[in-house]
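# Breakdown of the fold
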Protein chains: 2
Amino acid sequence: MAFFNENYTKLSESYLFATIEQRVNAYKKANPDKKVISLGIGDVTRPLPQVCLNAMHAAVDEMGSAETFRGYGPYEGYAFLRDAIAEGDFRSRGIDISADEIFVSDGAKSDTGNIGDIFGPENVVAITDPVYPVYIDTNVMAGRTVKIIPCEEANGFAPLPPSFHADIVYLCSPNNPTGSVLNKRQLADWVTYAKANHAVILYDAAYERFITEDEIPHSIFEIEGAKSCAIEFRSFSKTAGFTGTRCGYAVIPKELTLTAGGETFPAHKLWLRHQSTKYNGTSYIIQRGAAAVFTPEGRKEVAELIDDYLENARIIREGLLAAGFSCSGGVNAPYIWLKCPQGLSSWELFDELLNKASVVGTPGAGFGEKGEGFFRLTSFGSRGDTVEAVQRIEQAFK
Amino acid sequence: MAFFNENYTKLSESYLFATIEQRVNAYKKANPDKKVISLGIGDVTRPLPQVCLNAMHAAVDEMGSAETFRGYGPYEGYAFLRDAIAEGDFRSRGIDISADEIFVSDGAKSDTGNIGDIFGPENVVAITDPVYPVYIDTNVMAGRTVKIIPCEEANGFAPLPPSFHADIVYLCSPNNPTGSVLNKRQLADWVTYAKANHAVILYDAAYERFITEDEIPHSIFEIEGAKSCAIEFRSFSKTAGFTGTRCGYAVIPKELTLTAGGETFPAHKLWLRHQSTKYNGTSYIIQRGAAAVFTPEGRKEVAELIDDYLENARIIREGLLAAGFSCSGGVNAPYIWLKCPQGLSSWELFDELLNKASVVGTPGAGFGEKGEGFFRLTSFGSRGDTVEAVQRIEQAFK
């Protein structure tokens, strides 16, 4: 008898965004005349930078000739991309990360979802609440004990190291969903915690490019000692609009080691073994597109893209504040974390906004218990939609 | 203390192809003047069909305009591709598979590697020997008990259902590495075995397009009753040269259910949950390229590609047989399974061929104990290289 993985029954019934999609589709069916604006799912809307398109066209052409055709690539990603990442995202910022500590993937969701595979089931995992559901769900699937670190208004939605012991900690800064960031001191406290507990920090920096304030670290490896206790995840999804193009990467420093049954292994080696066994590398065409992000023209185009979204974030944040709402985020992050007005629950606000304003957002409760009473809006819409959505929300709650 | 997954220590030290690469690199370094021909790793060499290139160019262009830009796609793959697959690979052959039973991925390696995630650790897994190492390694990583089904000369390298009980069975036809195929009767025996044992067959049909003989089934779903006991994996890698482009798919019939702790779930639903949690869909650009395979022009170009490789297979097989070697495969498959001459072991023949003929093949022992004394050659080289390699092998063993 083939048995399924029983841990799957412990997952909540439906993935957050699937539930939202169902409700929105039902609303659209009932209101075919209404124009629905989504500031809900964190998907981008602007086209890819031209430099990425050019690079992918060239790569497609290479695939059309036997002389330049590319078959299986390196499991860790092509050197041209790993070199560009190491230099562009780390060394040029004074962070000592080398190309062979970088593992290219098809996105940060795959990486943060699959990284658990190299860890044993006995680890105690600390996860913030509210949180990107993937961290919790993948650990539930693996049967690991998950402990919650509350991120509340009182601590500015910035998680502090807990008093309990954990072996693995997930952190996300700039944060999805709250738009909060961890500053250097806070991140240093986490590194201290990790060292004291011999824990590993899984640091999701998918929104790094949105950081605008000088004192906010772009990488956990800016913190002394982090290289022996942290893995960092990055993505081209929000940076360069790759949500449907798919590319990301993990940074696993060579000095990070893990232990089990009296043996010690570099995490680096374990992940290479994972990737070479369960993955066959990211499409050559896509890796060429991602590498173009690091050219001078690519940097310029990405900066324009990010500035554009950050301007949306400013419009949402300032519009809502001016209308008397309470909200945070949206400064170093594409997400605005709105406090539900009039004592509404997250899903009540979701339905109110959908029915009164035809605006879709993401209920905070979908990110965890501590997200209840909050609501996530994203800056990834078009300028026109963003301005209109804010006006509609103001009207609906006048 | 963060503990690693102890099962990783039970894996053999190095992935087969990595070891080969190391030896070949050492040889090349010591013999910079020798032209090494690789008929080793199963990678293709011919360019992608023009129709795929055109489709990907068009998709890249779509990514460059806000009106046609694509962000996150469906976790299961786009309808245009799932529809094309259901019609092109199944319904047009009289096999009742619908588009919503198809899950698009970035390749059959990811799928066959990750599918284990939906199964519990208590399952007993039956795997043929010799075998594609991914099946074994991923089950070792998950801590499952693996039992071996020998595929030997005596049974024509076609595995028969074992006398022992198994909950999960991996089958691959056309077979990697032996080039053997399972006929309808043999496959029907496996379906009978699966039903009797309430087992699931994980059927890897990545080489399906190489089948030339009418009586060989292209899909396990040609067998009565298979839809309630089998999952099938397909790939565009060898079919259309997508080894570096990355696309494949899994077929999970809706009537296949799995049980645990008194509950029953459709495998289909479990896999959707896996994919929506740990994957974010295959690149839109790549899915467009894959869909082009099913156009009339795509079919024609793919047929030419496959015929070309099959002609290589014929040249290798007939050349070796004429030179007095014993070999099988290469008729419905791109792989030729060579019996090592003069009592050589697989790795001895590897070194002999590398040193005497500068030809790289894959030692059968790398695919399991029962592969010892055999050697895999692939038909994916260029015509010139293939002809020259066969001549060199003949010369070396005169």
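Note that this is a predicted model, so its numbers are computed, not measured.

## Things to note about the packing of helix α10 (residues 296-322) of chain A against helix α12 (residues 383-396) of chain A
Residue and element names in this part refer to chain A.
- The N-to-C vectors of α10 and α12 enclose an angle of 10°; their axes lie 10 Å apart at closest approach. It follows that α10 is roughly parallel to α12 by the angle criterion. When α10 is examined against α12, the residues Asp308, Glu311, Asn312, Ile315, Ile316, Gly319 and Leu320 are found in contact with a partner set consisting of Arg383, Thr386, Val387, Val390, Ile393 and Glu394.
- Of the residues assigned to the contact of α10 with α12, the class counts are six nonpolar, three polar and four charged.

## As for the interface of chain A and chain B
- On the side of chain B, 82 residues touch chain A, which itself brings 83 residues to the contact.
- Summed over both partners, the interface of chain A with chain B comes to about 7100 Å²; 58% of that surface belongs to carbon and sulfur atoms.
- The largest contributions to the chain A side of the interface with chain B come from A:Phe4, A:Tyr72 and A:Arg273, which together make up 12% of the buried area.
- Counting across the chain A and chain B interface gives two salt bridges.
- Counting across the interface, chain A meets chain B through 37 residue pairs in polar contact (both at pLDDT 80 or more).
- For the side of chain A that touches chain B, the elements supplying multiple residues, two or more each, are α2 (50-62), α4 (108-114), α5 (133-141), β9 (257-260), β10 (263-266), α8 (267-278) and α9 (284-291) of chain A.
- Among the elements that take part in the side of chain A that touches chain B, α8(A) stands out by supplying seven residues, more than any other.
- Residues belonging to the side of chain A that touches chain B are distributed by class as follows: 33 nonpolar, 32 polar and 18 charged.

## Structural notes on the packing of aromatic side chains
- For the structure shown, the criterion picks out 42 aromatic pairs over all chains.
- Ring centres 5.1 Å apart and planes at 80° place the aromatic pair A:Tyr309 and A:Phe380 in the edge-to-face group. Placement of the pair is A:Tyr309 in helix α10 and A:Phe380 in the loop between β15 (374-378) and α12, with a sequence separation of 71 residues. Comparing A:Tyr309 with A:Phe380, the two get one shared label, buried.
- With a centroid separation of 5.6 Å and 80° between ring planes, the pair formed by B:Trp190 and B:Tyr193 is classed as edge-to-face. Here B:Trp190 and its partner B:Tyr193 are both found in helix α6 (residues 184-197), three residues apart, which amounts to about one turn of the helix.

## Focus: helix α10 (residues 296-322) of chain B
- The end-to-end C-alpha separation of α10(B) is 38 Å, in line with the 39 Å expected for 27 residues at 1.5 Å each.
- Looking one or two places after α10(B), you find B:Gly324, whose phi comes out positive at around 95°.

## Description of the UniProt feature "binding site: pyridoxal 5'-phosphate" (unreviewed entry) in chain A
Residues and elements named next belong to chain A.
- Taking the UniProt record as the reference, the feature "binding site: pyridoxal 5'-phosphate" (unreviewed entry) is found at Tyr72, Ala108, Lys109, Tyr132, Asn176, Tyr207, Ser235, Phe236, Ser237, Arg246 and Asn280. In summary, the annotated positions, distributed over 209 residues, remain apart in three dimensions as well, the widest C-alpha pair reaching 34.1 Å. Checked against the lining of the second largest cavity, the annotated residues just named reduce to Arg246.
- Relative to the assigned elements, Lys109 resides in helix α4.
- The class of Lys109 is buried, set by a relative accessible area of 4%.
- As for its placement among the helices and strands, Tyr207 is situated in the loop between β6 (200-204) and β7 (230-235).
- When residues no more than four places from it in sequence are discounted, the contact partners of Tyr207 are Pro174, Asn176, Lys238, Asn332, Pro334, Tyr335 and Phe380.

## Regarding the relation of the copies chain A and chain B
- Rotating chain A by 180° and translating it 0.0 Å along the rotation axis places it on chain B, where the RMSD comes to 0.0 Å. Taken together, the rotation angle and the small translation identify this as a two-fold axis. Taking C-alpha positions as reference, the residue of chain A nearest the rotation axis is A:His57, located at 3.0 Å.
- Most of the interface of chain A is mirrored in chain B, where 99% of its interface residues are also at the interface.

## A closer look at the sheet that holds strand β2 (residues 102-105) of chain A
Residue and element names in this part refer to chain A.
- An order of β2-β8-β7-β6-β5-β3-β4 is seen for the seven strands of this open sheet, with the pairing classed as mixed. Edge strands, defined here as strands with exactly one partner in the open sheet, are β2 and β4 (145-150). Taking each pair of neighbouring strands and ignoring which way they run, the sheet shows an average axis angle of 20°.
- Here β2 pairs with strand β8 (residues 248-251) via four bridges, running antiparallel. For Ser105, the partnering residue across the bridge sits in β8 and is Gly248.

## Digging into the side chain of B:Lys278
- Secondary-structure assignment places B:Lys278 in helix α8 (residues 267-278).
- The exposure class assigned to B:Lys278 is buried, which follows from its relative accessible area of 9%.
- Here B:Asp117 takes part through its side chain, which lies 3.0 Å from a polar atom of the side chain of B:Lys278.
- Beyond its immediate chain neighbours, meaning those up to four positions away, B:Lys278 contacts A:Lys109, A:Ser110, A:Gly113, A:Asn114, A:Thr138, A:Met141 and B:Asp117.

Conventions and cut-offs
Residues numbered from 1 in each chain as written. Chains lettered and ligands numbered in written order. Predicted model: local features only at pLDDT ≥ 70, side-chain atom pairs only at ≥ 80, totals over all residues. Heavy atoms only, no water. Axes fitted to C-alpha atoms, helices over the stretch in contact; angles between N-to-C directions. Helix = DSSP H or I, 4+ residues; strand = E, 2+ residues; numbered from the N terminus. Parallel < 35°, antiparallel > 145°, perpendicular 65-115°, else oblique. Contact = heavy atoms within 4.5 Å. Nonpolar A, V, L, I, M, F, W, Y, C, P; charged D, E, K, R; others polar. Buried area = accessible area lost by both parts, 1.4 Å probe. Salt bridge = Lys/Arg side-chain N within 4 Å of Asp/Glu carboxyl O. Polar contact = N/O pair within 3.5 Å; in protein donor to acceptor, adjacent residues only side chain to side chain. Phe/Tyr/Trp six-rings, centres within 6.5 Å; stacked < 30°, edge-to-face > 60°. Buried < 20%, exposed > 50% of the residue type's maximum accessible area, 1.4 Å probe, protein only. Expected span 1.5 Å × (residues − 1). UniProt positions renumbered as here; feature names shortened; annotations may be inferred. 1 Å grid on protein atoms, 1.4 Å probe; cavity = no way out; pocket = protein on both sides within 12 Å on 5 of 7 lines; lining within 4 Å. Least-squares fit on C-alpha atoms with pLDDT ≥ 70 in both. Pairing = 2+ DSSP bridges.

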